[in-house]
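Residue strings, one per chain:
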Amino acid sequence: MSAALQNLVNQPYKHGFVTNIESDIAPKGLNEDIIRLISSKKNEPEWLLTFRLEAYRRWLNMIEPTWQNVKYPKINFQNISYYSAPKPKKKLASMDEVDPELLRTFEKLGIPMHERAALAGVAVDVIFDSVSVATTYKEKLAEVGIIFCSISEAVQRYPELIRQYLGTVVPPGDNYYAALNSAVFTDGSFCFIPKGVKCPMDLSTYFRINTEESGQFERTLIIAEEGASVSYLEGCTAPRFDTNQLHAAVVELIALDDADIKYSTVQNWYAGDENGVGGIYNFVTKRGLAKGRNSRISWTQVETGSAITWKYPSCILRGENSVGEFYSVAVTNHHQQADTGTKMIHIGPNTRSTIVSKGISAGQSNSSYRGLVRITPTARNARNYSQCDSMLIGSQCGAHTFPYIQVQNNSAQVEHEASTSKIGEDQLFYFAQRGIDAEEAVSMIINGFCKEVFQQLPLEFAVEATKLLSFKLEGSVG
Amino acid sequence: MSTVIWDDYLEKLIESWRKEGEPSRTVSYLNRLRANALSRIESLRLPTIRDEEWRFTDISSLRNTLFPRASTASLPGLDSQKSTFLDEPTCRLVFVDGQYMPGLSGLTDDGSIIVCSLSELTGICASKTEQYLGQLADFQDDVFVALNTALMHDGICIVIPANVSITVPVHILYITSGKEVAAYPRCLLVAESEAEVTIVEEYVAWQEGVSLTNAVTEIYVGESARVNHIRVQREASQAFHIANNSTFVAKTAHYDSVNLALGARISRFDQKITLAGEGAECQIDGLALIADRQLADTHTFIDHASPHGRSRQLHKCIVDESAHGVFSGEIMVRPHSQQTDARQLNHNLLLSEKARMDTKPQLEIFADDVKCAHGATVGQLDKESLFYLQSRGFAEEVARNLLTYAFGGEIINRVIVASLRQRLEEYILVRTRIS
């Protein structure tokens, strides 16, 4: 058994040290000493500390952006504790103690019983269970040479890989929240698919999150070498009743020649209550670099949670013939806000990109699509197709579209279209005629509206996303 | 433009105006308006590419010259300007370097149209325009509108009284003499309820030269009135052209506009249309045909502020050589503007490798029972169409030019004044090199 596996098997006991971790919480506030503390706690090499400090110094000189179409009270960055499990979960003795609201949600989503327990943070043996599951997978992955572990572990075990790639796609000074993340990130995932390997299964953070407490500032790095391919699933489909305020993650993907990375997200963080109180601010920088020839990066996201979702999973298409894809469904209800979209930067010749974005707004929510398609002078014969459709449910919500199209090459072909619609009375009438009530009819219409995106999701995610959507919009029509 | 910075360029500019002295003899509300605009300028600055609305249009070269205001314009002979007049009978109003020239102007109408210059704004014209002048074009956040408003002592007010239909087009000709001066022409058109009028605004250069035009046009379309607005910008190839157009469309009124950007080194056109009354409609079309190192920037904003509004927009750009086209079109649907029907299309043709196009169509929707769509494309001529024409015996270059012409022709066809359309067709033919 390798050391990595040994570590993993030992993971569940981490919860036994909860008190220990608690006593370790760093004082609130952000300064160079805190960053040094994080770095030394994690036993990081000198270069990583320098990386963090440099990011911090740049962050200090940056101005918080204000151009976004979301509103939130000013965040006090000195009021956050940057080293600690943000909120150690209380262990519950049995399912009876779990919030009934949460149980109802699990029921609706059709999550298997043992997973429900794990997600609600109940019995420890269940976690043991899922770790053994994770372990079998890890063995299988290790056989073909795939590295899949937490980023802190990777820093210790594969420092040269981390050093080579970390911050190459999202540089430390890229934007305000990316700089903050670069300075204080505590954990995240690392995935390396060696040359010519097709990953035999969908990788998911799901298994990992059960065993490790993921911080507010996650850092994910995925590298697919020549000819490699991987499908990566992020987030859990079940609601995490977490009250963290700010979630500023960075995700970097690197695809070399002929490599293929598919990154799927189903995000359902806590969205706040019906009155817009509480909820997560999901400010994430996600970017993929299609570095090699014929490489492909595909983002699929279903965004249903968070009080505020603000992210633009992007593709830099540098390699010749590289392909970028973005499929997104963003659902907002009550007082949620979403400003999301993508950037497709075409640099290499014959690069192609597709954008399909579906926004659904209900209640008093606001949802924006903001996207950039840039064709640089070197991107001969680049091709882009973008489609963004919005659906409004109720008269108090808003839908917005802000596409930027910048073309500096006359051989490029760029198309963008957007439309807005509502669920028509005649459609509902048609369903009613066939004995289908309004609630179900709406759910079916919405699923039809989102079909193009759901088709891109791995099967079990697609099933859950469908359920999640109808659950999310429950009661918003009628 | 929210930061309060006293801009040194504007400071020098206003300093130079003060030296020139203030014009006298104007009505009190005009003086008040100008004073307000002048004090507002103090907290504004010239936009830079760091401002979202100007990020693709770099006007920093404007700072190199402190364009003085044109003093008494030298009158070009009437004959020398004949070529720019339209063949049809028109109500002609001529500006030279931003100054109204009654001597060159002429009204061929039965007198139902009320025209008066701002410098002699009195009587019925003053009372009919007071509630609109300076009220439609907001100068609070726009430094160019503020500059124009601060200098508003020359310009023209046109009133079409209720139920009057003006059969001849109103031709407003803005002539740039070619001197290194700045022109600040101002125009207000009020079409009262059920009035009808066609207005042609044409910007032409008498001769080449570096000059600045900062024009503001305000249009009020009264209840059930119809206004057809054609705007042709053919400034000198080194000129700066900045224009603002604010239109207010009342209940069941209709506003059509065609905007052609052909000249100027850097041109920027801001068009704001408020569909303020229930059932108001507008159709706004545009074509930018640019080459060399020209930059043509068109910003449109259609504000659906009432239910049952309808808007249609088609904007095209043909960008050749090292030119740079910019389009930003925003459609806003306010809460309660139910049953809005808005459609916007933007097609762009890049003809050379160095041509550049930045486009940003935007929808902002706050009502649910609406139909809104927009589309944008950037590309080159369709290869199959080219092949088709070649298979019919057209040389490749001719086929290309023909297709380019046809691309722009769709907009030219919407110009309803026959002689102007013909002149524009000829102009486009020359530009697309079909002989």
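Residues numbered from 1 in each chain as written. Chains lettered and ligands numbered in written order. Predicted model: local features only at pLDDT ≥ 70, side-chain atom pairs only at ≥ 80, totals over all residues.

**What about the overall build of chain A?**
Per the secondary structure count, chain A includes 15 helices and 20 strands. Look at the contacts in chain A between residues 6 or more apart in sequence, and 85% of them connect residues 24 or more apart. (Helix = DSSP H or I, 4+ residues; strand = E, 2+ residues; numbered from the N terminus. Contact = placed C-beta atoms within 7 Å.)

**Notes on the overall build of chain B**
If you tally the helices and strands in chain B, you get 8 helices and 21 strands. Computed over the C-alpha atoms, the radius of gyration of chain B is 21 Å, within 12% of the 22 Å expected from 2.2 N^0.38 for a compact globule of 435 residues. In terms of overall dimensions, chain B has C-alpha extents of about 70 × 50 × 50 Å along its principal axes. Of all 435 residues assigned to chain B, the portion counted as buried reaches 49%. Within chain B, contacts between residues separated by at least 24 positions form 83% of all contacts whose residues are at least 6 apart in sequence. (Rg over C-alpha atoms; globule rule 2.2 N^0.38 Å. Buried ≥ 20, exposed ≤ 12 C-beta atoms within 10 Å, placed from the backbone.)

**Things to note about the confidence of the model for chain A**
All names here are of chain A. Mean pLDDT over chain A stands at 79; residues scoring 70 or higher make up 77%. Long-range and interchain partners of residues 118–135, a stretch whose pLDDT sits below 50, account for 40 contacts in this model, where long-range means more than four residues apart. The low-confidence segment residues 207–215, where pLDDT is below 50, has 23 contacts with residues more than four positions distant or belonging to other chains. (pLDDT = per-residue confidence, 0-100.)

**Observations regarding the pairing of strand β8 (residues 260–267) of chain A**
Residue and element names in this part refer to chain A. β8 sits mainly inside the fold: 8 of its 8 residues count as buried. Side chains of β8 alternate between two faces, with D260, K262, S264 and V266 and I261, Y263, T265 and Q267 buried alike. Relative to strand β10 (residues 296–303), β8 runs parallel, the two sharing 8 bridges. Among the inter-strand pairings, S264 is bridged to a residue of β10, identified as T300. (Pairing = 2+ DSSP bridges.)

**Let's talk about the domain arrangement of chain B**
Residues and elements named next belong to chain B. Along its sequence, chain B is carved into domain 1 (8–277) and domain 2 (382–435). One C-alpha centre belongs to domain 1, the other to domain 2, and the line joining them spans 32 Å. Among the elements of the structure, β9 (196–205), β11 (226–234) and β13 (254–261) are those that each provide at least two residues to the side of domain 1 that touches domain 2. For the side of domain 1 that touches domain 2, the per-class residue count stands at 6 nonpolar, 2 polar and 2 charged. (Domains from an automatic or database assignment. Nonpolar A, V, L, I, M, F, W, Y, C, P; charged D, E, K, R; others polar.)

**Points about the interface of chain B and chain A**
On the side of chain A, 30 residues touch chain B, which itself brings 30 residues to the contact. Counting residues per element, the side of chain B that touches chain A draws most heavily on strand β20 (residues 356–365) of chain B, which supplies 10 residues. Here the side of chain B that touches chain A is built from residues that sort into 14 nonpolar, 8 polar and 8 charged. The sheet contact formed by strand β19 (residues 398–407) of chain A and β20 of chain B spans 6 bridges and is antiparallel. Across the sheet, T401 of chain A pairs through a bridge with L363 of chain B, a residue of β20 of chain B.

**What about the packing of helix α2 (residues 28–41) of chain B against helix α5 (residues 143–150) of chain B?**
Residues and elements named next belong to chain B. The contact between α2 and α5 brings their axes to 8 Å, and the two run at 140 degrees. It follows from the interaxial angle that α2 and α5 lie oblique. Judged by the sense of rotation from one axis to the other, the crossing of α2 with α5 is left-handed. In this structure, α2 contributes L33, R34, A37, L38, R40 and I41 to the contact, and α5 contributes V143, A146, L147, T149 and A150. Among the residues forming the contact of α2 with α5, the class breakdown is 8 nonpolar, 1 polar and 2 charged. (Axes fitted to C-alpha atoms, helices over the stretch in contact; angles between N-to-C directions. Parallel < 35°, antiparallel > 145°, perpendicular 65-115°, else oblique. Left-handed = near helix turned anticlockwise from the far one by under 90°.)

**Section: the environment of S267 of chain B**
All names here are of chain B. In this fold, S267 is placed in strand β14 (residues 266–275). The buried category is assigned to S267, around which 26 C-beta atoms lie within 10 Å. With 208 residues separating them along the chain, S267 and I59 place their C-alpha atoms 9.6 Å apart. Contact partners of S267, with chain neighbours within four places excluded, come to Q233, E235, H241, A261, A296 and D297.

**A few points about helix α10 (residues 176–184) of chain A**
Residues and elements named next belong to chain A. Most of α10 sits inside the fold, with 8 of its 9 residues counted as buried. Of the residues making up α10, those classed as buried are Y177, A178, A179, L180, N181, S182, A183 and V184. Of the surrounding elements, those touching the buried residues of α10 are α3 (32–41), α4 (46–60), β4 (219–224), β7 (250–255) and β9 (281–290).

**Focus: the environment of G155 of chain B**
Residue and element names in this part refer to chain B. When you line up the elements, G155 lands in the loop between α5 and β5 (156–160). Assessed through the 26 C-beta atoms surrounding it within 10 Å, G155 is described here as buried. Along the sequence, G155 and Y184 sit 29 residues apart, while their C-alpha atoms lie 8.5 Å from each other.

**Considerations on the packing of helix α6 (residues 383–391) of chain B against helix α7 (residues 396–412) of chain B**
Residue and element names in this part refer to chain B. One way to put it is that α6 packs onto α7 with a least axis distance of 9 Å and a crossing angle of 125 degrees. Comparing the axis directions of α6 and α7 gives the class oblique. α6 and α7 meet at a crossing whose hand is right-handed. Contacts between α6 and α7 pair S385, L386, L389 and Q390 from the former with E396, A399, R400, L402 and L403 from the latter. In terms of residue class, the contact of α6 with α7 is built from 5 nonpolar, 2 polar and 2 charged.

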